[in-house]
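Breakdown of the fold
Residues per chain are reported as follows:
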Amino acid sequence: MHVSFLAYRRFEYLKYSLALIGLSVITYALHDPSVPPNGGTWLGYTLGTVGAALIFWLLWFGVRKRQYHSHLGQLTGWLSAHVYLGFALLVIATLHCGFQFDWNVHTLSYVLMVLVIISGMYGVFTYAYYPARLTQNRADMGIRPMTMLREVADLDRRCLKIADQMGDKVHQMILRSIERTKLGASLWRNVLGGVGTILGDLTDELKSDVGRSQLPLRPLATPIMQQGGEMTVMYVANQFASAGADQVKELLDLINAKKALVTRVQDDLRYHTLMSVWRYFHVALSIALLAALIAHVVSVFFYW
Amino acid sequence: MRCLLRTVNRRRKGVVVYQDRELSGDPLSIGRAAGQDLYLPDLRVALHHANIVSSGADKFLIQSTVPSGIRHNEKTVQSALLEVGDRIGIGNCQITVAPAGGGYDLVLEVKHGTQDNDLERAPLSPGGNRAPARLSLRTWAWLLFGSILVLFLVVPIAGFTIPALGNFLRSIAPPISDSAWDPGSLNRGHRFFGDDCNACHRSAFFSVRNDACLACHKSAPHHVDIQAFPLPSLTEGRCASCHKEHHGAEWFVRQDEDLCLDCHEEIKSVAEDSKLLDVPGNIGEGHPELRATLITHAAGKEQSKRVSLDRKAELKERSNLYFPHKTHLDRQGIISPDGEVVLSCASCHAPDPGGRRMAPIHFEEHCHRCHKLTFEFDDPRREVPHGNAPAVLEALKSYYALRTLEGAYLESDAAASPPSRQRPDERASTMLRREAMDRAASQAEVVGKELFEYRACATCHQIHAVAEPFTRWEIKPVRIAEAWFPKARFDHEQHKTIACKNCHAAARSEESEDVLVPGIQKCETCHGGLGAESRVESTCVSCHGFHVSKKYAMDGTVIRATAEKRRNRRESTPPPRDF
């Protein structure tokens, strides 16, 4: 039976994580240093060492998940530990620094670490929340998004065929509607400049499914189809007078079917994007964190 | 317009076949209907989809005739001016504008897509087959990694290796100099050089050494006489063991009691010859009773002696003065030349200019108003000088000699001033002069004895009378401690909101030998140790100094007071008490 990585071995790593957090907090509370709490007391060094070790181990997850032949624990277990111990790191690092923050490389490391952890927590949320919605959205459509895209293309073709028979004006209208149906438009790219194109590389699954296409980057945008679709429906309805009622009805049915389908495709793409895009920040920032951590540790001992 | 249409067909195995066709006319029509100049057999193309029209010399405009528009360089537009290299998408067809030549005004390359593929792909990639410059996640991540490492590690280290570069970076871009390593702001006193990390951090990967501190603080006194107590913890200790930097403006000295108690809890175990008491704990936690420093006189010289405040029998100040505080603080008032006055502590005791200690008491300023040094009943404005016993007798002699010369009878019971029988121009005979001098001297002695032994001087001072070879009196030297706790950091200024009587039981003190300072218990009513929640948090160094040796400096050298220092010290030391 499938068990979520969160509940792996009855939350075994959650327990370890809470134990680690509890131990750190209690020690910190009992610790009575001769100086204001900071990374330089014995507890500061201890927590710092534990935190740095955790960071290296958490980064190693990126390597471990690619070692498909590794027998060093199940990947689910690794992910479970990665999530819970990553959360514990937030507490350990905060206690390590003794709440001393300033404009320096040390706080830079801390901020990067917090961003990595927050993006990771968001990732956990998406992995817990969206798969169910994704499946629900794809109900009776098969798992592969390609199936849905083929369906859209097929509906387009059938619309155009009927419209062509109904006359050039109707054809032009339907054509306009089809041209305006852009699944995953480049809104994000418009907003974030070049970032949108960078994001394309992240989504391995989508890339393999839809070819080297652009990443669906309109996760939060209303499907454009809706607005254009209403106009098209209005226009087609007006054609009752001049065309055969059967054709008009068939065309309207097709348009409605497509509209519903496009909404589903948009949602599909949106869920996929949300489940993928956090990893972009998570991974890139964690590599940045590694650099900041090295700079932090070396600088501390350089000017001991 | 002469236009060359070059249709590109890809055959199997990658073979490309070109098919050229010449068009002429203006406009050129594009569409799915028969008779269009450029025929595009795709359902997504309208019967008449667009026109190409000339627009000035060698310029051509493509205009859509349908609301769905055309894709011009991946953007859906209604019309666009054609430039060489432009890509026009209509349906599944891709038209590229090629450089004109060969007598043609316009050369267009046309690629027809296959129906199935393009219909499926088109909605997802309206831009067609462009390949934008992508920055992969990996590249981006490593760029971040490299930038952070270079900016915050490599560059600051380079600045350390090449000091000129380091100074330059600090001045123009602190965030990428070693300033970025600064873990917290410096203590107030060190900020003036704080931008230069290397003032203290002189060697890489070594903690700050004492010589960095001693570069400025060479003359800081040591803790003790390190010859008498050559303890490794003192002679080999690091300044930074106690002084911690980068914890903010107010924080500089370790406050924990253990730092002191490590040695002082059982001081004999580290310094056998120490005369200090063991300190089981800080204030409120077993701090021993305070010991007042009294001045004693033994073997012909003054010495100081510390006496615990709880040893009442020994705790007597031999000041050689008579001064009952109780009498002076009588609430009913005491008699003064100006009538009855009620004195308070502040009538005599005022803080010194620094506010820490109380200023010394001066006879002229504090006592003289009531204690007049008059000696002649019928001459109440005449007083003997204060502060010099021989001068008193001389003054009396002079006074009475003058009176004699003026013709007064010096006998105390004689009627005042009978006129002299001598004529004014008659010189007094030798015998008469001697008689007058003898009379003056004897009167001076009578009055002096009265002053020294019964009133005036004797009111306050202990007097020693010497009979031989001639009668004279010596005022015993006044020995009042400047401060009961000369090494303590007690500050009256900080305690000024508390009434004097809360600590000093002066109103009940009848003897001048009473030592009117409170014991540690009184301190403990307000003060508690480190972490005290219901008391003023006070640590060892709140009251005690560390750098208190008078003999050795922190660098181990003997403190030599230069002439200038001696002068400074003289000026800063309050003048001796003047009684």
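Here the structure is a predicted model, which is why all the values come from computation and not from measurement. (Residues numbered from 1 in each chain as written. Chains lettered and ligands numbered in written order. Predicted model: local features only at pLDDT ≥ 70, side-chain atom pairs only at ≥ 80, totals over all residues. Heavy atoms only, no water.)

1. Observations regarding the overall build of chain A
Across its full length, chain A holds 11 helices and 0 strands. Reading the secondary structure of chain A in the N-to-C direction produces α-α-α-α-α-α-α-α-α-α-α. Within the span of chain A, comprising 304 residues, buried residues form 52% of the whole. Taking the contacts inside chain A whose residues are at least 6 apart along the sequence as the reference set, 77% of them involve residues at least 24 apart. (Helix = DSSP H or I, 4+ residues; strand = E, 2+ residues; numbered from the N terminus. Buried < 20%, exposed > 50% of the residue type's maximum accessible area, 1.4 Å probe, protein only. Contact = heavy atoms within 4.5 Å.)

2. Topic: the overall build of chain B
Of regular secondary structure, chain B possesses 17 helices and 20 strands. Taking contacts inside chain B between residues at least 6 apart in sequence as the whole, the part at least 24 apart equals 48%. In the form shown here, chain B has an accessible surface area of approximately 35000 Å², with 54% of it arising from carbon and sulfur atoms. (Areas by Shrake-Rupley, 256 points an atom, 1.4 Å probe, with all protein chains shown as cover.)

3. Digging into the packing of aromatic side chains
For the structure shown, the criterion picks out 26 aromatic pairs over all chains. Between the aromatic rings of Y13 of chain A and Y16 of chain A, the centroid separation amounts to 5.7 Å while the plane-to-plane angle is 65°, which identifies the pairing as edge-to-face. Pair noted here: Y13 of chain A and Y16 of chain A are both in helix 1 (residues 12-30), with a separation of 3 residues, about one helical turn. Taking the relative accessible area as the measure of exposure, Y16 of chain A reaches 45% and is therefore partly exposed. Members of the aromatic cluster, each reached through a chain of ring pairs, are F302 and Y303 of chain A together with F160, W181 and F205 of chain B. Positioned above the aromatic ring of Y18 of chain B, the side-chain terminus of R6 of chain B is 5.7 Å from the ring centre. (Phe/Tyr/Trp six-rings, centres within 6.5 Å; stacked < 30°, edge-to-face > 60°. Lys NZ or Arg CZ within 6 Å of the ring centre and 35° of its normal.)

4. A look at the pattern of salt bridges
This model, assessed by the stated rule, comprises 29 salt bridges over all chains. A salt bridge links E12 of chain A to R9 of chain A; its shortest N-O distance comes to 3.3 Å. E12 of chain A gets classed as buried once you look at its relative accessible area, which sits at 18%. Here R32 of chain B makes a salt bridge to D164 of chain A, at a shortest N to O gap of 2.7 Å. Taken together, the residues R32 of chain B in the loop between strand 3 (28-31) and strand 4 (38-39) and D164 of chain A in helix 5 (residues 145-166) connect one chain to another. Assessed through its relative accessible area of 13%, R32 of chain B is described here as buried. Residues joined by salt bridges that share partners form a network here, namely D154, R157 and R158 of chain A. (Salt bridge = Lys/Arg side-chain N within 4 Å of Asp/Glu carboxyl O.)

5. As for the pairing of strand 5 (residues 50-54) of chain B
Residues and elements named next belong to chain B. Of all the 5 residues making up strand 5, 4 are buried; the element is thus mostly covered by neighbouring parts of the structure. Bridge count between strand 5 and strand 6 (residues 60-64): 5 bridges; the pairing is antiparallel. Bridging from a neighbouring strand, A50 pairs with S64 of strand 6. Taking the residues that link successive antiparallel strands as the turn, the strand 5-strand 6 hairpin has 5 residues, and the phi of G56 there is positive, at about 85°. (Pairing = 2+ DSSP bridges.)

6. Brief notes about the sheet that holds strand 8 (residues 75-77) of chain B
Residue and element names in this part refer to chain B. Strands sit in the order 2-1-12-11-10-7-8 across an open sheet of 7 strands; the sheet is mixed. If you trace the sheet from one side to the other, it starts and ends with strand 2 (16-24) and strand 8, each paired once. In this sheet, adjacent strand axes meet at a mean angle of 30° when their direction is disregarded. (Axes fitted to C-alpha atoms, helices over the stretch in contact; angles between N-to-C directions.)

7. A closer look at a nonpolar patch on the surface
A cluster of nonpolar residues, F87, I118 and M121 of chain A, forms a patch on the protein surface that exposes about 270 Å² of accessible area. On the secondary structure map, I118 of chain A appears in helix 4 (residues 105-137). (Patch = residues over 30% accessible without salt bridge, like charges linked within 9 Å, V, L, I, M, F, W, Y side chains within 5 Å.)

8. Focus: the confidence of the model for chain A
All names here are of chain A. Within chain A, residue pLDDT values average 79, and 77% of them lie at 70 or more. Element-level mean pLDDT values for chain A span from 33 in helix 8 (residues 195-199) up to 95 in helix 1. With pLDDT under 50 throughout, residues 185-227 is counted as low confidence; its partners more than four residues away or in other chains account for 81 contacts. (pLDDT = per-residue confidence, 0-100.)

9. Quick look at the nonpolar core
Counting residues in hydrophobic clusters, the biggest one holds 50 residues, and the most contacted among them are L89, L112 and M113 of chain A together with I148 of chain B. Sorting the residues of this core by element identifies helix 1, helix 2 (42-64), helix 3 (75-97), helix 4 and helix 11 (245-302) of chain A together with helix 2 (137-161) of chain B as the ones contributing at least two each. The element that contributes the greatest number of residues to this core is helix 11 of chain A, accounting for 12 residues. Excluding anything up to four places from it in sequence, I148 of chain B contacts L108, L112, A288, A291 and A292 of chain A together with L153 of chain B. (Core = buried A, V, L, I, M, F, W, Y, C linked by side-chain atoms within 4.5 Å.)

10. Focus on the sheet that holds strand 5 of chain B
The 5 strands lie next to each other as 4-3-5-6-9 (chain B), forming an open sheet whose pairing is mixed. Since the sheet does not close on itself, it has two edges, and those belong to strand 4 and strand 9 (79-81) of chain B, each with one partner.

11. With respect to helix 3 of chain A
The end-to-end C-alpha distance of helix 3 of chain A, which contains 23 residues, comes to 32 Å, matching closely the 33 Å that a straight helix rising 1.5 Å per residue would cover. Residue G98 of chain A follows helix 3 of chain A closely and has a positive phi angle near 60°. (Expected span 1.5 Å × (residues − 1).)

12. Thoughts on the side chain of H287 of chain B
Residues and elements named next belong to chain B. Secondary-structure assignment places H287 in the loop between helix 8 (267-270) and strand 13 (291-298). On the accessibility criterion, H287 (18% relative accessible area) is buried. Residues within four places of H287 in sequence aside, it is in contact with G281, N282, I520 and H544.

13. Examining the pairing of strand 10 (residues 87-90) of chain B
Side-chain positions along a regular strand alternate between the two faces of the sheet. Residues and elements named next belong to chain B. Judged from the 2 bridges that link them, strand 7 (residues 70-72) and strand 10 form a sheet pairing that is antiparallel. Note that in strand 10 the partner of R71 across the bridge is G89. As paired strands, strand 10 and strand 11 (residues 93-98) are joined by 4 bridges and run antiparallel to one another. If you follow G89 over to strand 11, its bridge partner there is Q94. Linking strand 10 to strand 11, which pair antiparallel, is a turn of 2 residues; within it G91 sits at a positive phi near 60°.

14. Describing the state of the cysteines
Here, the word disulfide means a covalent bond between the sulfur atoms of two cysteines. The full count for this structure, using the stated rule, is 0 disulfides over all chains. C260 of chain B takes part in no disulfide bond, and the closest cysteine sulfur to it belongs to C540 of chain B, at a distance of 3.9 Å. (Disulfide = S-S within 2.5 Å.)

15. A look at a negative patch on the surface
Where like charges cluster on the molecular surface, the negative patch consists of D32 of chain A together with D258, D262, E265, E266 and D278 of chain B. Turning to its location among the elements, D262 of chain B is positioned in helix 7 (residues 258-264). (Lys, Arg positive; Asp, Glu negative; His and termini not counted. Charge placed at Lys NZ, Arg CZ, Asp CG, Glu CD.)

16. Observations concerning the packing of helix 2 of chain A against helix 11 of chain A
Residues and elements named next belong to chain A. Viewed as axis vectors pointing N to C, helix 2 and helix 11 meet at an angle of 150°, and their least axial separation amounts to 11 Å. Put simply, helix 2 runs roughly antiparallel to helix 11. For the crossing formed where helix 2 meets helix 11, the hand is left-handed. On helix 11, the residues that touch Y45, A52, I55, F56 and L59 of helix 2 are S286, L289, L290, L293 and F301. For the contact of helix 2 with helix 11, the per-class residue count stands at 9 nonpolar, 1 polar and no charged. (Parallel < 35°, antiparallel > 145°, perpendicular 65-115°, else oblique. Left-handed = near helix turned anticlockwise from the far one by under 90°. Nonpolar A, V, L, I, M, F, W, Y, C, P; charged D, E, K, R; others polar.)

17. Notes on the confidence of the model for chain B
Residues and elements named next belong to chain B. The share of residues in chain B with pLDDT of 70 or more is 88%, and the mean pLDDT across the chain is 84. Between residues 115-133, whose pLDDT stays under 50, and residues either more than four places distant or in other chains, the model counts 34 contacts. For the stretch residues 575-579, pLDDT sits under 50, and the model shows 18 contacts to residues farther than four places along the chain or on other chains. Reported for the predicted complex are a pTM of 0.72 and an ipTM of 0.78.

18. With respect to helix 6 (residues 168-180) of chain A
Residue and element names in this part refer to chain A. Under the 1.5 Å per step criterion, the end-to-end length of helix 6 is 18 Å for 13 residues, consistent within 8% with the ideal 18 Å. For helix 6, the tally of buried residues reaches 10 of 13 residues, placing the bulk of the element in the interior. Buried within helix 6 we find V170, H171, Q172, M173, I174, L175, R176, S177, I178 and E179.

19. Here we look at the packing of helix 4 of chain A against helix 11 of chain A
All names here are of chain A. Put simply, helix 4 and helix 11 touch, their axes get as near as 7 Å, and they point 160° apart. Here helix 4 is positioned roughly antiparallel relative to helix 11, judged by the angle of their axes. Every pair of crossing elements has a handedness; the one defined by helix 4 and helix 11 is left-handed. Here the residues of the contact of helix 4 with helix 11 are counted per class, giving 23 nonpolar, 12 polar and 5 charged.

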